[in-house]
Amino acid sequence: MHPLHLAAAAAGFVSSVHAQPSLLAETVDAVVDRAVQERRVVGAVVLIAHRGQVVHRRAAGHADREDGRLMREDALFPLASLTKPLVSAATLRLVEQGRLSLDSPVTWWLPSFRPRLEDGSVPTITVHHLLTHTAGLSYGFLEARSGPYRRAGISDGMDLPALTLTENLRRISGVPLAFAPGRGWRYSVALDVLGGVIAAATGQDLPGIVHEQVTGPLGMVDTAFRAADPDRLVTPYQDGRPEPVRMGLEAEVPFGEGTVRFNTARVLDPAAYSSGGAGMVGTAGDFMRFLLALRGTGEPMLQPATRALMMQDHTGPQAQSQGPGWGFGYGWAVLVDPALAKSPQGPGTIQWGGAYGHSWFFDPVHDVAVVALTNTAMEGMSGRFPLEVRDAVYRGLSLAD
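The present account deals with the structure reproduced in this document. These numbers were taken from a predicted model, which means no experiment stands behind them.

## Structural notes on the overall build of the chain
Right, on to step 1. In terms of helices and strands, the chain carries 12 helices and 15 strands.
Right, on to step 2. Taken against the 2.2 N^0.38 rule, which gives 21 Å for 401 residues, the C-alpha radius of gyration of the chain at 20 Å falls within 12% of a compact globule.
Right, on to step 3. Each principal axis of the C-alpha atoms in the chain carries an extent, and together these give about 60 × 45 × 40 Å.
Right, on to step 4. Looking at the chain as a whole, 59% of its 401 residues qualify as buried.

As structure tokens, then:
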């Protein structure tokens, strides 16, 4: 058991630009401008914090290229997997309150969720397994078109807006696990399952829980499971040549051996189930508030012991969640070996991305947080762009070796 207890509710804080170091501005803006000029990224918002203060911010390119709508710093983005850290934090808040336990079986709250192993046995899946993606679940976009999740019609949380969470959980439970819980690591729909768990444990819906535990206390007024101001919502694009291609209502974007299926109206559709892994919408500024709260700036969102638990590697080398040298904590990758990862970031850096074209990280050693949201999948998440932004930040702050 993990006996965590709730600290006082965190108050929102205001981060502001006190200075714009010229070297940082020059190096980061050069990277952002080049990505837009080379037509790899349509638009982006980048925020950089150092020692708890936002020291550079940039909005570049277009929120909608065809309409000529320029990108704004307060643009709303479908967050995709940036949802996961927020739901993970809400879960840990509930653990602090004694309303949930990390090592208790998921069947305590979802009695019918009993996926089997290939031999027909039903293993125990815990909240810890869901948070760390060690439950043996998977994602359809990691599979070929004929993979078991695709055959079962399982939603990855960004498509099929009319599907209910109850039905999606039934479909997930019907597919054999890839491995026994705790015996491997595989990125998965685990946070969608966790959304069902914490809703059942509290008797509240997931949007209400995340607002009560995270976005409300931190003053993240633009972050929710539905876009409150559609006029500020960016238009999504996907990689293409000679320039990114505007997504239609339905889009299928290659990723690894599979494809990611998007429904671009999902964040506007009240019939869409609230996906704990991919369903939220928000701004770069709001997400920076979240990262600085993890840092402990202002009134902390979680107790120090809880933050340390979230930022700890729970998987070891089996994960390689962002390649060699990376493990996985509660909601994000954790950098274990910077030399092996060939990264300028310090050990203990947490990092993840979002399939609509986002990346972020917090490096506690160098006290640097970066949020880089784009409207271009997949370049903004897994192309050159996030690596170039990362390296420019360390050069600009004179932190690179």
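## Things to note about the pairing of strand β14 (residues 368-374)
Right, on to step 1. For β14, the tally of buried residues reaches 7 of 7 residues, placing the bulk of the element in the interior.
Right, on to step 2. Burial of β14 is two-sided: the residues V368, V370, A372 and T374 facing one way and the residues A369, V371 and L373 facing the other way are all buried.
Right, on to step 3. The sheet contact formed by strand β1 (residues 43-50) and β14 spans 7 bridges and is antiparallel. Each bridged residue has a counterpart across the sheet, and for L47 the counterpart in β14 is V371.
Right, on to step 4. Where strand β13 (residues 358-363) meets β14, 6 bridges bridge the pair, whose relative direction is antiparallel. Within β14, the position partnered with H358 by the bridge is L373.
Right, on to step 5. Linkage of β13 to β14, two consecutive antiparallel strands, is achieved through a turn of 4 residues, within which D367 is found at a positive phi near 55°.

## Focus: helix α8 (residues 284-295)
Right, on to step 1. If you check α8, its first and last C-alpha atoms are 17 Å apart, about what 12 residues at 1.5 Å a residue would give, namely 16 Å.
Right, on to step 2. Counting buried residues in α8 gives 10 out of 12 residues, a clear majority hidden from the surface.
Right, on to step 3. All buried positions along α8 are accounted for by A284, D286, F287, M288, R289, F290, L291, L292, A293 and L294.
Right, on to step 4. Backbone geometry just downstream of α8 places G296 in the positive-phi region, at approximately 105°.

## Topic: the environment of L268
Right, on to step 1. You can see L268 is positioned in the loop between β8 (258-263) and β9 (281-282).
Right, on to step 2. For L268, a relative accessible area of 43% puts it in the partly exposed group.
Right, on to step 3. Separated by 92 residues in sequence, L268 and W360 have C-alpha atoms that sit 24 Å apart.
Right, on to step 4. If near-sequence neighbours (up to four positions away) are discounted, L268 is found in contact with R226, A227, P230 and L233.

## Thoughts on the nonpolar core
Right, on to step 1. L130, L137, F262, F290 and W332 are the most contacted members of the largest nonpolar core, which totals 97 residues.
Right, on to step 2. Top contributing element to this core by residue count: α8, with 8 residues.
Right, on to step 3. Not counting the four nearest positions on each side in its chain, F262 is found in contact with M158, M247, L249, E250, A251, V253, A355, Y356, A377 and M378.
Right, on to step 4. Within the second largest apolar cluster, 21 residues are counted, among which are V31, V32, F361 and A372.

## Topic: the environment of M247
Right, on to step 1. Among the secondary structure elements, M247 is positioned in the loop between β6 (245-246) and β7 (250-255).
Right, on to step 2. The class for M247 is buried, based on a relative accessible area of 6%.
Right, on to step 3. Put simply, M247 and T376 are 129 residues apart on the chain and 9.5 Å apart in space, counted from C-alpha to C-alpha.
Right, on to step 4. For M247, the residues in contact, after removing those within four places along its chain, are P236, Y237, Q238, V253, F262, T264, Y356 and A377.

## Points about the packing of helix α2 (residues 83-96) against helix α7 (residues 206-215)
Right, on to step 1. Viewed as axis vectors pointing N to C, α2 and α7 meet at an angle of 80°, and their least axial separation amounts to 9 Å. Taken together, α2 and α7 sit at an angle that is classed as roughly perpendicular. For the pair formed by α2 and α7, the contact residues are L86, V87, A89, A90, R93 and L94 on the first element and I209, V210, E212, Q213 and V214 on the second.
Right, on to step 2. Residues that form the contact of α2 with α7 fall into these classes: 8 nonpolar, 1 polar and 2 charged.

## Quick notes on the packing of aromatic side chains
Right, on to step 1. Within the structure shown, the criterion is met by 13 aromatic pairs.
Right, on to step 2. Between Y187 and W352, the aromatic rings sit 5.0 Å apart at their centres with planes inclined by 65°, giving edge-to-face as the arrangement. One end of the pair, Y187, is in the loop between α5 (165-173) and α6 (190-202); the other, W352, is in strand β12 (residues 350-354), with 165 residues separating them in the sequence.
Right, on to step 3. A relative accessible area of 11% means that Y187 is categorised as buried.
Right, on to step 4. Of the residues examined, W352 reaches a relative accessible area of 7% and is grouped as buried.
Right, on to step 5. On the basis of an interplanar angle of 55° and a centroid distance of 5.6 Å, the ring pair of F287 and W360 is categorised as tilted. Of the two residues, F287 sits in helix α8 while W360 sits in strand β13, which places them 73 residues apart along the sequence.

## A short note on the side chain of T132
Right, on to step 1. By the element assignment, T132 lies in helix α3 (residues 127-132).
Right, on to step 2. Side-chain polar atoms of T132 contact the backbone oxygen of H129, separated by 3.4 Å.
Right, on to step 3. With sequence-adjacent residues up to four places away left out, T132 is seen in contact with W185, H314, T315, F328, G329 and Y330.

## Some thoughts on the packing of α2 against α6
Right, on to step 1. The geometry of α2 relative to α6 is characterised by a closest axis approach of 11 Å and an angle of 35° between their N-to-C directions. The two elements α2 and α6 meet at a crossing, and its hand is left-handed. For the pair formed by α2 and α6, the contact residues are K84, V87, S88, T91 and L94 on the first element and L191, L194, I198 and T202 on the second.
Right, on to step 2. Of the residues belonging to the contact of α2 with α6, the class tally is 5 nonpolar, 3 polar and 1 charged.

Cut-offs used in this document
Residues numbered from 1 in each chain as written. Predicted model: local features only at pLDDT ≥ 70, side-chain atom pairs only at ≥ 80, totals over all residues. Heavy atoms only, no water. Helix = DSSP H or I, 4+ residues; strand = E, 2+ residues; numbered from the N terminus. Rg over C-alpha atoms; globule rule 2.2 N^0.38 Å. Buried < 20%, exposed > 50% of the residue type's maximum accessible area, 1.4 Å probe, protein only. Pairing = 2+ DSSP bridges. Expected span 1.5 Å × (residues − 1). Contact = heavy atoms within 4.5 Å. Core = buried A, V, L, I, M, F, W, Y, C linked by side-chain atoms within 4.5 Å. Axes fitted to C-alpha atoms, helices over the stretch in contact; angles between N-to-C directions. Parallel < 35°, antiparallel > 145°, perpendicular 65-115°, else oblique. Nonpolar A, V, L, I, M, F, W, Y, C, P; charged D, E, K, R; others polar. Phe/Tyr/Trp six-rings, centres within 6.5 Å; stacked < 30°, edge-to-face > 60°. Polar contact = N/O pair within 3.5 Å; in protein donor to acceptor, adjacent residues only side chain to side chain. Left-handed = near helix turned anticlockwise from the far one by under 90°.

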